[in-house]
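The lines below spell out each chain.
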Amino acid sequence: MTVDRQVVQAFEERFGAAPAFVVRAPGRVNLIGEHTDYNDGFVLPLAIDRAAWIALRPAAGRAVTVHSLDFGEVDTFDLDRVAPQPGSWANYVRGVAWALQQRGHALAGWEGVLAGDVPLGAGLSSSAALEMAVARAFAAVGDWPWDPPAMALSGQMAENKWVGVNTGIMDQMISAAGVAGHALLIDCRSLETTSIPLPAGYAVVVLDTATRRGLAGSAYNERRSQCEAAARHFGVKALRDVSVSQLEAAQADLDPLIYRRARHVVTENARVLQACDEMRTGNALELGRLLDASHASLRDDFQVSSRELDAFVEIAAAHGACVGARMTGAGFGGCAVALVEDEGSPAFARSVAAGYMARTGLSPRVYVCRATNGAEIVA
Ligand code: ADP
Ligand code: MG
């Protein structure tokens, strides 16, 4: 049974009536633009056809009650006294209620059933999907217009300040603002967004290496400070403000390692903008080449790939249906993303999973994705 049917059926069993609303908010994958967000640069994620769903109805009073089908638990809290629930899925729900109120939204109570098919902790941002589904539920009950940037900022505030996970704005923004068939160019400095059509006839395929980042925290901080050092050299706020030719002209004056780190960020920003141009003209082959170049840059200059990510990308790229592949996310483990001819994508998925398993002994997961709308009321 599909998740939307599941939440509706469970709602009817528990509440003895049909829900007033069914809302969904998707997970995401970043097509290109890695380690650019904290350099005030560009990212190009898409919302995928895996989502968090809530069937709900308004409730009298100030209580919010949510049944989680995935965890088999119920959470009830009072909007006037939201308390943390550390370590629980419910903390994301409560955190969004808290953040929305902190940011001045007047909330009303509701009760509902929650379930999702974004795999948890797999790099597809199930947490942002949950946050935006909860925000969509509050907006539906309060009958306010959907304002993606405002909702994304509330979700990010919940995740950063309530749950305590330090993330950028990308995940919530794409979950709030995605458009079917499109990726979303996000300018991480201005938060301006532009929908860019994905090439027709191609699927975006997520390749989960079944490894998770180990040393990520310290390496991430080190990369950040190297990028800041490079920006200081140019006397600019962030590497976003440095062009490829400016960087090349300064090579002799820069520490060689700092130069390579900066070269990744500066060329990656350029690749994101070029990817948008290629997509606007439907040039899937060029887009694929940009994905390949992004991976090489992340592997060789920024040095945040891993043996498993490199293996999966190499296996994917060697398949005839694939026009490009790269690691996606912070790196050192997690997922890769590939652009694959639609028709060949089921065979691609089987073949590369088998190839990866034979090479590494690990059991990967492969998700053939469609680009969907962001958070919406579906019924
Ligand atoms: P991800 O990379 O998937 O975002 P996180 O660790 O950031 O991983 O978030 C996963 C957490 O989000 C889960 O442990 C759970 O608390 C919450 N969550 C996500 N989706 C759901 C869902 N469908 N139902 C309940 N909780 C969910
Ligand atoms: Mg998350």
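Residues numbered from 1 in each chain as written. Chains lettered and ligands numbered in written order. Predicted model: local features only at pLDDT ≥ 70, side-chain atom pairs only at ≥ 80, totals over all residues. Heavy atoms only, no water.

Undergrad: Could you clarify how one ought to interpret the site of ligand 1 in this entry?
TA: Lining the immediate environment of ligand 1, one finds 15 residues, of which D70, W89, G121, S126 and S127 sit closest. Contact between ligand 1 and D70: a nitrogen atom at 3.0 Å from a side-chain N or O atom of the residue. Within the contact set of ligand 1, a nitrogen atom lies 3.5 Å away from a backbone nitrogen or oxygen of G116. Burial of ligand 1 by the protein amounts to 79% of the accessible area it has alone, namely 570 Å². Elements that contribute at least two residues to the shell around ligand 1 include exactly β5 (110-116) and α3 (126-142). Among the residues making up the shell around ligand 1, the classes are represented as eight nonpolar, six polar and one charged. (Near = heavy atom within 4 Å. Polar contact = N/O pair within 3.5 Å; in protein donor to acceptor, adjacent residues only side chain to side chain. Areas by Shrake-Rupley, 256 points an atom, 1.4 Å probe, with all protein chains shown as cover. Helix = DSSP H or I, 4+ residues; strand = E, 2+ residues; numbered from the N terminus. Nonpolar A, V, L, I, M, F, W, Y, C, P; charged D, E, K, R; others polar.)

Undergrad: Sorry if this is basic, but what is going on with the packing of aromatic side chains here?
TA: Pairs of aromatic rings are described using the distance from one ring centre to the other and the angle between the two planes. On inspection of all chains with the given rule, the structure shows six aromatic pairs. Centre to centre, the rings of F11 and F15 are 4.5 Å apart; their planes meet at 40°, and the pair counts as tilted. Of this pair, F11 and F15 both sit in helix α1 (residues 3-15), four residues apart, roughly one helical turn. There is no split in this pair, since F11 and F15 are both buried. Ring centres of W98 and W162 lie 5.1 Å apart, and the angle between their planes is 35°; this geometry places the pair in the tilted category. Placement of the pair is W98 in helix α2 (residues 90-102) and W162 in helix α4 (residues 148-163), with a sequence separation of 64 residues. If you follow R24 out to its NZ or CZ, it ends over the ring of W53, 5.8 Å from the centre. Its end group placed over the ring of F302, R223 keeps NZ or CZ at 6.0 Å from the ring centre. (Phe/Tyr/Trp six-rings, centres within 6.5 Å; stacked < 30°, edge-to-face > 60°. Buried < 20%, exposed > 50% of the residue type's maximum accessible area, 1.4 Å probe, protein only. Lys NZ or Arg CZ within 6 Å of the ring centre and 35° of its normal.)

Undergrad: What exactly am I supposed to notice about the packing of α2 against α3 here?
TA: When two helices pack together, you describe them by how their axes are tilted relative to each other and by the distance separating the axes. Following both chains from N to C, one finds α2 and α3 inclined at 55°, their axes separated by 9 Å at the closest point. On the basis of their axis angle, the class for α2 and α3 is oblique. Crossing angle aside, the handedness with which α2 passes α3 is right-handed. Where α2 abuts α3, its residues Y92, V93, V96, A97 and L100 lie against S127, L130, E131, V134, A135 and F138. (Axes fitted to C-alpha atoms, helices over the stretch in contact; angles between N-to-C directions. Parallel < 35°, antiparallel > 145°, perpendicular 65-115°, else oblique. Left-handed = near helix turned anticlockwise from the far one by under 90°. Contact = heavy atoms within 4.5 Å.)

Undergrad: So what exactly am I meant to see when it comes to helix α9 (residues 284-300) here?
TA: An α-helical segment advances 3.6 residues per turn. Residues three or four places apart therefore align on the same side. In a regular helix each residue adds 1.5 Å, so 17 residues correspond to 24 Å; α9 covers 24 Å between its end C-alpha atoms and thus fits that length. Of all the positions in α9, only A284, L287, G288, L290, L291, S294, H295, S297 and L298 are classed as buried. Of the surrounding elements, those touching the buried residues of α9 are β1 (21-32), β8 (202-208), α8 (256-280), α10 (307-317), β9 (322-328) and β10 (335-341). (Expected span 1.5 Å × (residues − 1).)

Undergrad: I tried to follow the pattern of salt bridges on my own but got confused; where do I start?
TA: Two side chains with opposite charge may pair up if their charged atoms get near one another. Scanning all chains against the criterion turns up 22 salt bridges. The salt bridge partner of D301 is R263, with a shortest N-O separation of 2.7 Å. You can see D301 sitting in the loop between α9 and α10 and its partner R263 sitting in helix α8, a full 38 residues away along the chain. Within this structure, D40, R189, K237 and D241 form a network of salt bridges that share partners. (Salt bridge = Lys/Arg side-chain N within 4 Å of Asp/Glu carboxyl O.)

Undergrad: Would you mind showing me how to read the environment of V304 here?
TA: In this fold, V304 is placed in the loop between α9 and α10. Sequence spacing of V304 and V340 is 36 residues, and the spatial spacing of their C-alpha atoms is 24 Å. Ignoring sequence-local partners within four residues, the contact set of V304 consists of H35, R223, L298, M327, A330, G331 and F332.

Undergrad: What exactly am I supposed to notice about the nonpolar core here?
TA: For soluble globular proteins, the rule of thumb is that nonpolar side chains tend to be buried together. In terms of nonpolar packing, the biggest core is built from 69 residues, with L31, L44, L46, I54, W110 and F138 touching the most fellow members. A total of 10 residues in this core trace back to one element, the largest contributor, which is α3. In contact with F138, not counting residues within four places along its chain, are V64, L79, A97, L100, L107, A108, W110 and W144. Core analysis: the second largest hydrophobic core is formed by 34 residues, Y38, A203, V265 and I315 among them. (Core = buried A, V, L, I, M, F, W, Y, C linked by side-chain atoms within 4.5 Å.)

Undergrad: What exactly am I supposed to notice about helix α11 (residues 345-360) here?
TA: For α11, spanning 16 residues, the distance from its first C-alpha to its last is 22 Å, which sits close to the expected 22 Å at 1.5 Å a residue. Within α11, burial applies to S345, F348, A349, V352, A353 and Y356. Projected down its long axis, α11 shows its buried positions confined to an angular sector of 120°, all on one face. Exposed positions of α11 whose direction lies more than 90 degrees from the buried face are R350 and A358. Those residues of α11 that are buried lie in contact with β8, α10, β9, β10 and β11 (365-369). Where α11 ends, the next residue or the one after it, G361, has phi of about 80°, a positive value. (Arc of directions from axis to C-beta.)

Undergrad: Even after reading the chapter, I still don't get the sheet that holds β10, so can you show me in this structure?
TA: Across a sheet, paired strands are connected by hydrogen bonds in the backbone, their directions being either parallel or antiparallel. Strand order in the open sheet made by the four strands is β9-β10-β8-β11, with antiparallel pairing throughout. Looking at which strands have only one partner, the edges of the open sheet turn out to be β9 and β11. Within this sheet the neighbouring strands show an average axis-to-axis angle of 20°, counted without direction. Alignment of β8 against β10, held across seven bridges, turns out to be antiparallel. If you follow V206 over to β10, its bridge partner there is V337. Sitting on the sheet, α9 is in contact with β8, β9 and β10, with an inclination near 35° to β9. Against the sheet, α10 touches β8, β9, β10 and β11, its axis set at about 170° to β9. (Pairing = 2+ DSSP bridges.)

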